[in-house]
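Here is how the chains run, residue by residue.
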Amino acid sequence: ESARGIGTSVITVYIPPKNQISQTVAMLNNEFGTAANIKSHTNKISVQGAITAALGRLKLINRVPTNGLMLFSGTVLTEDGKEKKLTLDLEPIKPVSRSLYLCDNKFHTEELHRMLESDEKFGFIIVDGSGAMFATVCGSVKEKLGSFTVELPKKHGRGGQSKNRFARIRMERRHNYLRKVAENATQYFITNDRPNVLGLVLAGSAEFKEGLFQSDLFDPRLKAVVLKIVDIAHPGDVGLNQAIDMSADSLSGVKLVQEKKLLQKFFDEIAQDTQMFSFGLADTMKCLEAGAIETLMIFEDLDCERYVVKKPDGTGEQVHFMTHAEAAKSNIDRKSV
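Now for a look at the structure at hand.

Conventions and cut-offs
- Residue positions are counted from 1 within each chain, in the order its sequence is given.
- Only residues with pLDDT of at least 70 are given local features in this predicted model, and only at 80 or more are side-chain atom pairs given and counted; all residues enter the totals for whole chains, interfaces and linings.
- Here the side-chain values reflect all heavy atoms present in the structure, with hydrogen atoms and water set aside.
- Per the convention used, a helix needs a DSSP run of H or I reaching at least four residues, while a strand needs a run of E reaching at least two, with both numbered from the N terminus.
- Each residue is assigned to one of three classes by its accessible area relative to the maximum for its type, calculated with a 1.4 Å probe on protein chains only: buried under 20%, partly exposed between the two thresholds, exposed over 50%.
- Note on definitions: a residue-residue contact is assigned when non-hydrogen atoms from the two residues lie within 4.5 Å.
- In short, Shrake-Rupley with a 1.4 Å probe defines the accessible areas, and a residue's cover is counted only from the protein chains shown.
- Charge convention: Lys and Arg are scored as positive, Asp and Glu as negative, and His as well as the terminal groups of each chain are ignored.
- Taken as the charge location is NZ of Lys, CZ of Arg, CG of Asp or CD of Glu.
- Each reported salt bridge corresponds to a side-chain nitrogen of Lys or Arg within 4 Å of a carboxyl oxygen of Asp or Glu.
- Any two cysteine sulfur atoms within 2.5 Å of one another count as a disulfide.
- The patches reported here contain residues having more than 30% relative accessible area and no salt bridge. Joining distances are 9 Å for like charges and 5 Å for nonpolar side chains (Val, Leu, Ile, Met, Phe, Trp, Tyr).
- Strand pairing is defined by DSSP finding a minimum of two bridges between the two strands.
- The axes are straight lines fitted to the C-alpha atoms, using for helices just the contacting stretch, and the angles between their N-to-C directions are given from 0 to 180°.
- Aromatic rings from Phe, Tyr and Trp, with only the six-membered ring used for Trp, were paired whenever their centres fell within 6.5 Å, and each pair was classed as stacked if the ring planes differed by under 30 degrees, edge-to-face if by over 60, and tilted otherwise.
- Criterion for a charge above a ring: Arg CZ or Lys NZ at most 6 Å from the ring centre, at most 35 degrees from the ring normal.
- Think of a nonpolar core as a cluster: buried Ala, Val, Leu, Ile, Met, Phe, Trp, Tyr and Cys residues, connected wherever their side-chain atoms sit within 4.5 Å.
- Multiplying 1.5 Å by the helix residue count minus one yields the expected span of that helix.
- Here a polar contact means two N or O atoms within 3.5 Å. Within protein one must be a hydrogen donor candidate and the other an acceptor candidate, and residues neighboring in sequence count only if both atoms are side-chain atoms.

1. Details of the overall build of the chain
Piece 1. Helix and strand content of the chain: ten helices and 13 strands.
Piece 2. With the principal axes as the frame, the chain shows a C-alpha extent of 95 × 55 × 35 Å.
Piece 3. For the chain, the residues scored as buried account for 34% of the 337 residues in total.
Piece 4. Of all intrachain contacts in the chain linking residues separated by at least 6 positions in sequence, the fraction that spans at least 24 positions is 59%.
Piece 5. Put simply, the chain shows about 20500 Å² of open surface, and 51% of that area lies on carbon and sulfur atoms.
Piece 6. One way to put it: in the chain the 44 positive side-chain charges average out to a point 7 Å from where the 42 negative ones average out.

Structure follows, in structure tokens:
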């Protein structure tokens, strides 16, 4: 973290668990070509050297580890002022939540700090008449553990003398379904004879969630850590997001909930027209440069760069924020900016 490069001579690469090594290699090869446009010869050689070292390290790795991969590469200065080439790869203690490539004068370790901030992991069981899903939320990372679907017989008034038999078959199918849900819950949320989550939320659109909680089939160790039972309108991933929102009071320590509260505060400021808000890149940057911002929210995939345009004699400086495509339309040459 304390290592510093000469100019922008070091790169930081984050690879999430589901990404492929080949995707990162292709991205780095593209960045190698882009680095040829750097005006400073020293910086250009340093960046291309860092990318080459990173590509060499990736050749030794067959697949992305379970928690993803972090790669730090570049030329840094030692305590006695000498240059040292450094390439470090590591698998973090928690899953990497996003892809990242940054070229800077320092290594970016914010993701590692985030992983050390919160160990609070919460489990979610989404169960209704169509199937069940099991997931965890830790900080701002959601992880789907597993799911399955089911077709249960519906209630009906037909059957005559067989009516009781149909009802019994229906109850048996529902009982077997709850048994399977309970067994999967034990498999996903019990490790070394104890729950591996801080709390558990049961969610669904029918009475199955209450039935599961009250059933003797449900592991007593998991029943003891159930924080809340919530009604949701949708199954699957949409239902999971809804369950997170509805159990926010019980999950107040989860960063994902904190982010949602932050967004809600922003929308409240807009609704009340307090004039204590700003949006849009140009206006927000003006407020930032004036030191008038208390909370700043940034879109991770913002495809925009800051261009400082000057006349040939070095006067008349103008600042523009635009994408590569917009810059090309405006005849702004990245080599000369």
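2. Some details on the pattern of salt bridges
Any two side chains of opposite charge can pair if their charged atoms end up close together.
Piece 1. Scanning all chains against the criterion turns up eight salt bridges.
Piece 2. The residue Arg-221 makes a salt bridge to Asp-219 at a minimum N-O spacing of 2.7 Å.
Piece 3. You can call Arg-221 partly exposed: its relative accessible area is 32%.
Piece 4. In this structure, Asp-245 engages Lys-260 in a salt bridge whose closest nitrogen and oxygen atoms are separated by 3.6 Å. Residue Asp-245 is located in helix H7 (residues 236-246), and its partner Lys-260 is located in helix H8 (residues 255-271); the two are separated by 15 residues in the primary sequence.
Piece 5. Given a relative accessible area of 34%, Lys-260 falls into the partly exposed group.
Piece 6. Counted as one network, the salt bridges with shared partners bring together Asp-193, Asp-219 and Arg-221.

3. Structural notes on unusual backbone geometry
Piece 1. Positive phi, normally seen in glycine, also occurs at Asn-192, with a value near 55°.
Piece 2. Mapped onto the fold, Asn-192 is located in the loop between strand E8 (190-191) and strand E9 (194-195).
Piece 3. Of note in the backbone geometry, Asp-193 takes a positive phi value of approximately 65° without being a glycine.
Piece 4. Counting through the fold element by element, Asp-193 comes out in the loop between E8 and E9.

4. Quick word on the state of the cysteines
Disulfides are covalent bonds that link the sulfur atoms of two cysteine residues.
Piece 1. This structure, assessed with the given rule, holds zero disulfides.
Piece 2. No disulfide involves Cys-304; its nearest neighbouring cysteine sulfur is the one of Cys-287, lying 16 Å away.

5. Description of the side chain of Thr-284
Piece 1. Take Thr-284: it is sitting in helix H9 (residues 281-289).
Piece 2. In contact with Thr-284, not counting residues within four places along its chain, are Ser-278, Phe-279, Ile-293 and Leu-296.

6. Notes on a nonpolar patch on the surface
Piece 1. On the surface, Leu-262, Leu-263, Phe-267, Ile-270, Phe-279 and Met-297 cluster together into a nonpolar patch covering about 520 Å² of accessible area.
Piece 2. Looking at the secondary structure, you find Phe-279 in the loop between H8 and H9.

7. Side note on the sheet that holds strand E2 (residues 69-77)
Piece 1. The four strands are arranged E3-E2-E1-E4 in an open sheet whose pairing can be described as antiparallel. A single partner strand is all that each edge strand has here, and the edge strands are strand E3 (83-90) and strand E4 (100-104). The average angle at which neighbouring strand axes cross in this sheet is 5°, direction not considered.
Piece 2. Looking at chain direction, E2 and E3 are connected through eight bridges and run antiparallel. Bridge pairing in E3 links Met-70 to Leu-90.
Piece 3. Set on the sheet, helix H1 (residues 21-35) makes contact with strand E1 (5-15) and E4; between it and E1 the angle comes to about 155°.
Piece 4. Set on the sheet, helix H2 (residues 41-58) makes contact with E1, E2, E3 and E4; between it and E1 the angle comes to about 30°.

8. Comments concerning the packing of aromatic side chains
What describes a pair of aromatic rings is the distance from one ring centre to the other and the angle between the planes of the rings.
Piece 1. Enumeration according to the criterion identifies eight aromatic pairs in this entry.
Piece 2. For the ring pair Tyr-177 and Phe-208, a centre distance of 5.4 Å and an interplane angle of 80° mean the geometry is edge-to-face. One end of the pair, Tyr-177, is in helix H4 (residues 163-189); the other, Phe-208, is in helix H5 (residues 208-214), and 31 residues separate them in sequence. Here Tyr-177 and Phe-208 have matching classes, each one buried.
Piece 3. By the ring-pair criterion, three or more aromatic residues cluster together here, those being Phe-134, Phe-148, Tyr-177, Tyr-188, Phe-189 and Phe-208.
Piece 4. Positioned above the aromatic ring of Phe-148, the side-chain terminus of Lys-180 is 4.3 Å from the ring centre.

9. Things to note about the nonpolar core
Piece 1. The biggest cluster of nonpolar side chains holds 22 residues, and the ones touching the most others in it are Ile-125, Val-181, Leu-200 and Phe-218.
Piece 2. The set of elements that each furnish at least two residues to this core consists of strand E5 (121-128), strand E6 (131-138), H4, strand E10 (199-204) and H5.
Piece 3. Discounting residues that sit within four places of it in the chain, Ile-125 has contacts with Met-133, Phe-134, Val-181, Ala-185, Phe-189, Leu-200, Val-201, Leu-202, Ala-203, Leu-212 and Phe-218.
Piece 4. One finds Ile-11, Ile-15, Ile-21 and Ala-50 within the second-largest nonpolar core, a separate group that totals 17 residues.

10. Brief notes about H2
Piece 1. Its 18 residues place the ends of H2 26 Å apart at the C-alpha level, agreeing with the 26 Å of an ideal helix rising 1.5 Å per residue.
Piece 2. Inspection of H2 places Asn-43, Ser-46, Val-47, Gln-48, Ala-50, Ile-51, Ala-54, Leu-55 and Leu-58 among the buried residues, and these make up the whole buried set.
Piece 3. For H2, the secondary structure elements touched by its buried residues are E1, H1, E2 and E4.
Piece 4. For H2, the side-chain oxygen to backbone nitrogen distance between the N-cap and Asn-43 is 3.3 Å, and the N-cap itself is Ser-40.

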